[in-house]
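So the chains spell out like this:
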Amino acid sequence: MKQIRTLCLAAGLLLAVSCRGPKTDSTIGASSDTERRVESLLSRMTLAEKIGQMNQVSAGGDVSNYADALRKGQIGSILNEVDPAKINEYQRICLEESRLGIPLLVARDVIHGFHTVFPIPLGLAATFDPDLVEEGARTAALEATAQGVRWTFSPMLDIARDPRWGRIAEGSGEDTYLDARMAEAMVYGYQGRQADSTSMAACIKHFVGYGAAEGGRDYNSTFLTERQLRNVYLPPFEAAVKAGALTLMTSFNDNDGVPSTGNTFVVKDVLRGEWGFDGLVVTDWNSMGEMIAHGFGTDRKDVARKALEAGVDMDMMTYGFLSHLEELVKTGAVKESAIDDAVRNILRVKVLLGLFEHPYVDVEKGVAVQYAPEHLAAAQRSAEESVILLKNDGVLPLKAATVRSILVTGPMADAPHDQLGTWAFDGDKGHTVTPLKALRERFPGKVTFVPGLRYSREKRNAFQDVVAAARRADVVLVFLGEEAILSGEAHSLADLNLKGSQSELLAALKATGKPVVATVMAGRPLTVERDLPNCNALLYAFHPGTMGGPALANLLFGDVNPSGKTPVTFLRTVGQAPLYYSHNMTGRPYNGETLIDDIGMEAGQTSLGNTSYYLDYGAYPLFPFGYGLSYTQFAYSGIVLDKAVYGKDDEIKVSLTLSNTGNCDGTEVVQVYVRDLVGSVTRPVKELKSFERVSLKAGESRDLEIRIPVSELAFYGLDGVKKVEPGDFQLWVAGDSASGDPVPFTVQ
Ligand code: BGC
């Protein structure tokens, strides 16, 4: 597998911050010994045994259901079995009772933790902390592999620019660069820096473009041009491949008419050909069979052939390969060499994971690893860093010493299942610490709980009970949002306001005159504009996982200073979607022109500015990408570049001073954006090129140096070739994508 090196340096007070790439290289990668073992096995396999390796099925019930098929070598992988005793038995049948003794690859959607649940991936992206994200993925791998799961269908690398799409929860948001950094971190975390029995193969998905579903409706068609694919959607996958990702999943969508599972261009030409990927390509669940529904194939035999020709190695749940490949080979419709290639890719992963040497797990030890204190601590740190402070009139942080009575209310205050978020199959809600539980433990006798609404969609006309309790309290902590079921796969929404009577509950609380601190837990950026005036402070927690409660208590009471930043643009209203910071410049850019409410009835046709905006909502978001407040303030000064003119092989060195000008310690996510002013095709108004978390004591200043290789400015232009186009650029260093002043530079 290809590798990538970091360029980070640190020197005394001058902190040289990053660029890109993980700290050290992964050592999981094919060697000549691996290839010898793969070839030796392959040479002994019958055609039927080869095809069996290409078949993945979902576990169901008793081991005996699949025992016969395993003995005959008809299954290469099972998903959705997490019982270590059953997994051991599956492996025993494969090793001892099948002809060649090839172990099974046991897979599961371990998406943001296994038993110990971390924040949803969108929340993890809000940390802008790849090291912490890697630690989270490693923790998930330790827990999952201890029970026999050696393959996870994660990370999801789909760029998502439409919050209606429920699966926005599962990825890193809207930005290509941030997504790529998170991709590397998760691959390193799951697979480990060294291959051993705790390595869990990562599966980068969904290849490709799935997040661009028209209208944000899951499974819908996409219409991405090759240039958009190459400049925006493919780079995170390429970064993950370079980081050593062992497997990849094709997506459900058709792009410009071609379903991904039959898309030779993206799988064979780009992934295999251009990037040299020699890992395993699996379909999504029945995505081979769904090519029939798409109208891309006549029957299962036809789509099995098309998937194989496109470069797919393993069929998840269509049984298309198992049922038809033998016949297709015999009639000459497909070549056996294509099957050999697929089987090589599968066996290679099994060898690299050490499955032949360590097929079994120790059931008792496996149980002991789950919810280990250090895992819970990592989950709590991740939750703390994932929370974004969106509003604060000074009410936060609360002072623990002076608080006498706290009202806790809202449908997410004590929702142990729902705060885990989507894809938390294995997280036991009995281990979840909710905000209510954490606050009660911390302030015995001082917390009153009145739910107000039992679930997010409940409607109520009046809130006498909550309002009466609020009047008796010093402070009101209200936990709003959406349950896990409202985001994730197949759970898209057309309305992104807080559901049910949540906004009314908030307004009723505010009307008491008591300080109201709102926390939103959700799988997506909801449209909370109408709620902002009704709270003194707003924390956005996404779904924070098992340890969300203590994390939020620490943030509310100032033990931890918020540092999360929006990984996706927050809209004012759903009709603005898709709205993202890295858009191309129109010929008539919006400049804050008049809105329809500001003009009289008599306004003429051209009096509204004739720029690109909505008459009722303008074209600005509620909160831009990269945004998040702190309990302290940061000042950026002395931003200078080492040169005015760079060559294509140079490195841009940006120097600046970051100062913590407030009264408490804090962490800022320093972000660098670049704009290429003129290109052979129009270029985004800004693109993130580097970021770094910097922690400063109250009053502390630090000189930073950020390095960006000029090669990072390359893109696919009019001729379809990736290169840096010479010309003028602008660069910003700021705490979000909408701040800072541009610094000009030129590339020759
Ligand atoms: C999802 C995948 C998931 C697979 C296996 C599909 O429905 O799209 O992301 O990995 O199921 O559970």
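Since we're looking at a predicted model, the values are computed, not measured.

S.K.: Before we go on, may I ask you to explain the pattern of salt bridges in this structure?
M.R.: Between side chains of opposite charge, a pair can form when the charged atoms approach closely. One pass over the full model with this rule turns up 49 salt bridges. Between glutamate 336 and lysine 50 there is a salt bridge, and its shortest N-O distance comes to 2.7 Å. Residue glutamate 336 is found in helix H14 (residues 336-352), and its partner lysine 50 is found in helix H2 (residues 47-53); the two are separated by 286 residues along the sequence. Here lysine 50 falls in the buried class, since its relative accessible area comes to 6%.

S.K.: Looking at this structure, how should I read unusual backbone geometry?
M.R.: Glycine aside, negative phi is the norm for most residues, and most peptide bonds take the trans geometry. In this chain, serine 154 is followed by proline 155 through a cis amide linkage whose omega measures 5 degrees. Along the chain, phenylalanine 207 connects to valine 208 via a cis peptide bond; the corresponding omega equals 5 degrees. With respect to the helices, strands and loops of the structure, valine 208 is situated in the loop between strand E7 (203-207) and helix H8 (226-233). A positive phi angle is found at alanine 490, which is not glycine, with a value near 65 degrees. Inspection of the secondary structure puts alanine 490 in the loop between strand E16 (475-481) and helix H19 (502-510). On the basis of relative accessible area, alanine 490 is assigned to the partly exposed category, the value being 43%. Phi is positive for phenylalanine 542, which is not a glycine, with a value near 45 degrees. Among the residues examined, phenylalanine 542 registers a relative accessible area of 0% and is labelled buried.

S.K.: Just to check I follow, could you spell out the domain arrangement of the chain for this structure?
M.R.: Split into domains, the chain comes out as domain 1 (9-365), domain 2 (387-556) and domain 3 (634-747). For domain 1 versus domain 2, the separation of C-alpha centres amounts to 36 Å. Between domain 1 and domain 2, a total of about 2,100 Å² is buried, with carbon and sulfur atoms accounting for 58% of that surface. If you sort the residues of domain 1 by the area they bury against domain 2, Val117, Ile120 and Arg164 come out on top, with a joint share of 23%. At the boundary of domain 1 and domain 2, one finds two salt bridges.

S.K.: Looking at this structure, I do not really get the site of the ligand. What am I missing?
M.R.: Neighbouring the ligand are 13 residues, the closest being Asp109, Arg167, Lys205, His206 and Asp284. In this structure, an oxygen atom belonging to the ligand sits 2.7 Å away from a side-chain N or O atom of arginine 167. Looking at side-chain class alone, the shell around the ligand contains seven nonpolar, one polar and five charged residues.

S.K.: Would you mind showing me how to read the pairing of strand E17 (residues 516-521) here?
M.R.: Along a regular strand, successive side chains alternate from one face of the sheet to the other. With respect to burial, E17 is a largely interior element, six of its six residues being buried. Here E17 shows two buried faces, one formed by Val516, Ala518 and Val520 and the other by Val517, Thr519 and Met521. Pairing analysis gives six bridges linking E16 to E17, with the strands arranged parallel. If you follow valine 476 over to E17, its bridge partner there is valine 516. On the question of chirality, the crossover connecting E16 to the parallel E17 by way of H19 is right-handed. Across four bridges, the pairing between E17 and strand E18 (residues 537-540) is parallel. The partner of valine 517 across the bridge, within E18, is alanine 537.

Criteria and thresholds
- Residues numbered from 1 in each chain as written.
- Predicted model: local features only at pLDDT ≥ 70, side-chain atom pairs only at ≥ 80, totals over all residues.
- Heavy atoms only, no water.
- Salt bridge = Lys/Arg side-chain N within 4 Å of Asp/Glu carboxyl O.
- Helix = DSSP H or I, 4+ residues; strand = E, 2+ residues; numbered from the N terminus.
- Buried < 20%, exposed > 50% of the residue type's maximum accessible area, 1.4 Å probe, protein only.
- Domains from an automatic or database assignment.
- Buried area = accessible area lost by both parts, 1.4 Å probe.
- Near = heavy atom within 4 Å.
- Polar contact = N/O pair within 3.5 Å; in protein donor to acceptor, adjacent residues only side chain to side chain.
- Nonpolar A, V, L, I, M, F, W, Y, C, P; charged D, E, K, R; others polar.
- Pairing = 2+ DSSP bridges.
- Right-handed = clockwise from strand over helix to strand, strands pointing away.

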